[in-house]
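The primary structure of each chain is shown beneath.
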Amino acid sequence: MNILIVDDDLLIRNWLKILLQQIQNIQTFIFEASNGQEALEACRKNSIELVITDIKMPVINGLDLIESLKKEFPAIRFCVLSSYDDFDYVKNALKAGALDYILKAEMQLDDLSQILVKVQNSIRMEKKYTLDNCEENNQIPAFTALYKEYTRNEEGIDSLSFLQRLSPALSLDNLMIVIFTVLTENDTSGERIASLAMDTILANNYNGIAFPLSHDSSVIFYNSAATILEDQEEEYIKLMSILSNNLSSYEQLSLSDSILLPYKSNKSIKSTIDSGVETIDFCSFYNTNCKKLKLVIEQHSNKSVLYTLIQKHLDLRDYDKITEDTLLFIENAFKRQLIPAKLISAIRGAVRILLSSDIIINSTDQQIVEKLDGLSEDINNSKTYGDLKDTATQFLKEYTNYAKSRLSGRTLSIQTALQYIDDNYMNKITLDDVAKYVYLNSSYLSQLFKKEMNVPFSDYIEEVRIKRAKLLLKETDYSMNQVAEAVGFSTQNYFTRIFKKSTGLTPIKYRNIHSK
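Residues numbered from 1 in each chain as written. Predicted model: local features only at pLDDT ≥ 70, side-chain atom pairs only at ≥ 80, totals over all residues. Heavy atoms only, no water.

All right, on to the overall build of the protein chain then. Tallying secondary structure elements over the protein chain gives 23 helices and nine strands in all. Based on the C-alpha atoms only, the size of the protein chain along its principal axes is roughly 95 × 60 × 45 Å. In the protein chain, which comprises 516 residues, the share counted as buried stands at 47%. In the protein chain, the proportion of contacts linking residues at least 24 apart, taken out of those at least 6 apart, comes to 66%. Within the structure as shown, the protein chain displays about 26600 Å² of accessible surface, and the carbon and sulfur contribution to it stands at 47%. If the 57 positive side-chain charges of the protein chain are averaged to one point and the 69 negative ones to another, these points end up 10 Å apart. (Helix = DSSP H or I, 4+ residues; strand = E, 2+ residues; numbered from the N terminus. Buried < 20%, exposed > 50% of the residue type's maximum accessible area, 1.4 Å probe, protein only. Contact = heavy atoms within 4.5 Å. Areas by Shrake-Rupley, 256 points an atom, 1.4 Å probe, with all protein chains shown as cover. Lys, Arg positive; Asp, Glu negative; His and termini not counted. Charge placed at Lys NZ, Arg CZ, Asp CG, Glu CD.)

If you want it as structure tokens, here you go:
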């Protein structure tokens, strides 16, 4: 194996060379460089398989060296030399693709032997997963079946018995359980993802197994070599960094979230996994960091208060208040970090109330009913807070527009057009824009709009803008140019002309009168 040692300290290089030359069973050829630039030149001249590099060096540091070599020589493996005080640098190196790190102060022959074995394992993994007909680990379906059996009969199967059935090599001592999810933009199976995870664990010399919990989430069991939590966390970071690189390199997948759950004797393996999955779901839903997150499982959603308000507003036919209070409930749930399942359940209940209202039950418009049903299903399947809020907002807008159109006698198309204008008056709006939004021909929309609103389309937009401008003139100290821009007029002069035509006053005179 061709190995390049990169360090600006000659003593470190010599010590590493002495240790490497003592390794049995693996023939090594040692090359040296005192900085990153020399290392680049050495790799261009020689077929290097492993680079052992310091991080802090002159000319080109270790991180930049790894980044450059990964682009130019993707087959090279890396190990970084670390001091006690620079683990943040080590984490960046691991993310960049390093297989491992060695503490300079504790460097021993066994550490280097283990690294060379990991390099060989990594090369074998690359060959396996770059084959077109690469097969997944055939044990994984059996692991999945055992877990399903265990979850159905948790009281009859204790944690140790379950673990031993999974793998006799595993023990409850220093047992690490990791839940991770991936962003699956292709049809890669959960079994293949778990197979890659399991091979990654084994390639790094740990006893471990993995199996999928769902299409995009998996669980890993392994026994840590460390007994102190801080060291276990560093070990976990290293393994997840390597797994992330492997997922990206071999399957073009991204590691989304992961969480380390050291086994504790006062909890079963099932409850540990359940809590991990719930935490991962929470973090994914709210796009927050899972580390050291503590969920408040006993939170109350206060959905009954929301349901009472909705029913009250329905009785008064105040549909805007339904939208306002529902979105406020969602925003408050975000601030409280309400458990996602409870938030989705609460909004699902609110939607059921609206779908059961007379205005929908007695509707003959099958199109709006189907649209609302579809949005209701999307709410139920929301994966993130943003998805839930956006879909709920769309549902409420569609429901409100339809309800208002029924009350006013307007068609749903015109009610929807009015809502669009109200939401976008500050921007440039054309008849074609609105026609596309309501799925009508622009000429037909123009005729329908004038018929139902008794005012031409362009005049109505000006009315809305003048109404908003009046509020700004009375309630803010905006300049005339700022007011014109805020309500959608292209120039201040045009705004002043239209405002005077509508009110008989210039904007400045209007402000002076109403500010007294």
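Further notes follow.
A few words on the packing of aromatic side chains. Evaluated as defined, the whole model comprises 23 aromatic pairs. Ring geometry for Y147 against Y150: centres 6.2 Å apart, planes inclined by 50°, an arrangement best described as tilted. Here Y147 and its partner Y150 are both found in helix α6 (residues 140-152), three residues apart, which amounts to about one turn of the helix. The same class applies to Y147 as to Y150, namely buried. Geometrically, the ring pair formed by F395 and Y399 is stacked, given 6.4 Å between the ring centres and 10° between the ring planes. Placement of the pair is F395 and Y399 together in helix α16 (residues 385-408), with a separation of four residues, close to one helical turn. This pair shows no difference in class: F395 is buried, exactly as Y399 is. (Phe/Tyr/Trp six-rings, centres within 6.5 Å; stacked < 30°, edge-to-face > 60°.)

The contact between helix α3 (residues 62-72) and helix α4 (residues 87-96) brings their axes to 10 Å, and the two run at 0°. Judged on the interaxial angle alone, α4 and α3 are roughly parallel. Packed against α3, whose contacting residues are L63, I66 and K70, the element α4 presents Y89, N92, A93 and A96 at the interface. Considered class by class, the residues forming the contact of α3 with α4 number five nonpolar, one polar and one charged. (Axes fitted to C-alpha atoms, helices over the stretch in contact; angles between N-to-C directions. Parallel < 35°, antiparallel > 145°, perpendicular 65-115°, else oblique. Nonpolar A, V, L, I, M, F, W, Y, C, P; charged D, E, K, R; others polar.)

Here we take up the sheet that holds strand β5 (residues 100-103). A sheet is described by the order of its strands in space; here five strands give the open sequence β2-β1-β3-β4-β5, paired in parallel fashion. At either end of the open sheet lies a strand with only one pairing partner, and these are β2 (29-33) and β5. Neighbouring strand axes in the sheet, compared pairwise and without regard to direction, differ in orientation by 20° on average. Bridge analysis of strand β1 (residues 2-6) against β2 gives five bridges, and the strand direction is parallel. (Pairing = 2+ DSSP bridges.)

This part is about the nonpolar core. Ranked by size, the top nonpolar core spans 48 residues in total, and within it F162, I177, F211, I220, F221, Y222 and I269 carry the most contacts. Ranked by size, the runner-up nonpolar core spans 38 residues in total, among them Y319, I347, I359 and L375. (Core = buried A, V, L, I, M, F, W, Y, C linked by side-chain atoms within 4.5 Å.)

A few words on the environment of S244. With respect to the helices and strands, the residue S244 is situated in helix α9 (residues 229-251). Exposure remark for S244: the relative accessible area of 26% places this residue in the partly exposed category. When the C-alpha positions of S244 and Q27 are compared, they lie 30 Å apart, and in sequence the two are 217 residues distant.

With 96% of its residues at a pLDDT of 70 or more, the protein chain shows a mean pLDDT of 88. The element-level mean pLDDT for the protein chain is lowest in α4, coming to 78, with helix α21 (residues 480-486) highest at 94. (pLDDT = per-residue confidence, 0-100.)

What follows deals with the pattern of salt bridges. A complete count under the given rule lists 19 salt bridges for this structure. When the shortest N-O distance is used, the salt bridge between D7 and K104 registers 3.4 Å. Of this pair, D7 sits in the loop between β1 and α1 (10-21) while K104 is found in the loop between β5 and α5 (109-129), placing the two residues 97 residues apart along the sequence. On the basis of relative accessible area, K104 is assigned to the partly exposed category, the value being 22%. The shortest N-O distance in the salt bridge between R468 and D422 comes to 2.5 Å. Linking R468 in helix α20 (residues 457-475) with D422 in helix α17 (residues 412-424), this pair joins segments that are 46 residues apart in sequence. Given a relative accessible area of 26%, R468 falls into the partly exposed group. In this structure D422 comes out as partly exposed when scored by relative accessible area, which is 32%. One salt-bridge network, held together by shared partners, links D7, D54 and K104. (Salt bridge = Lys/Arg side-chain N within 4 Å of Asp/Glu carboxyl O.)

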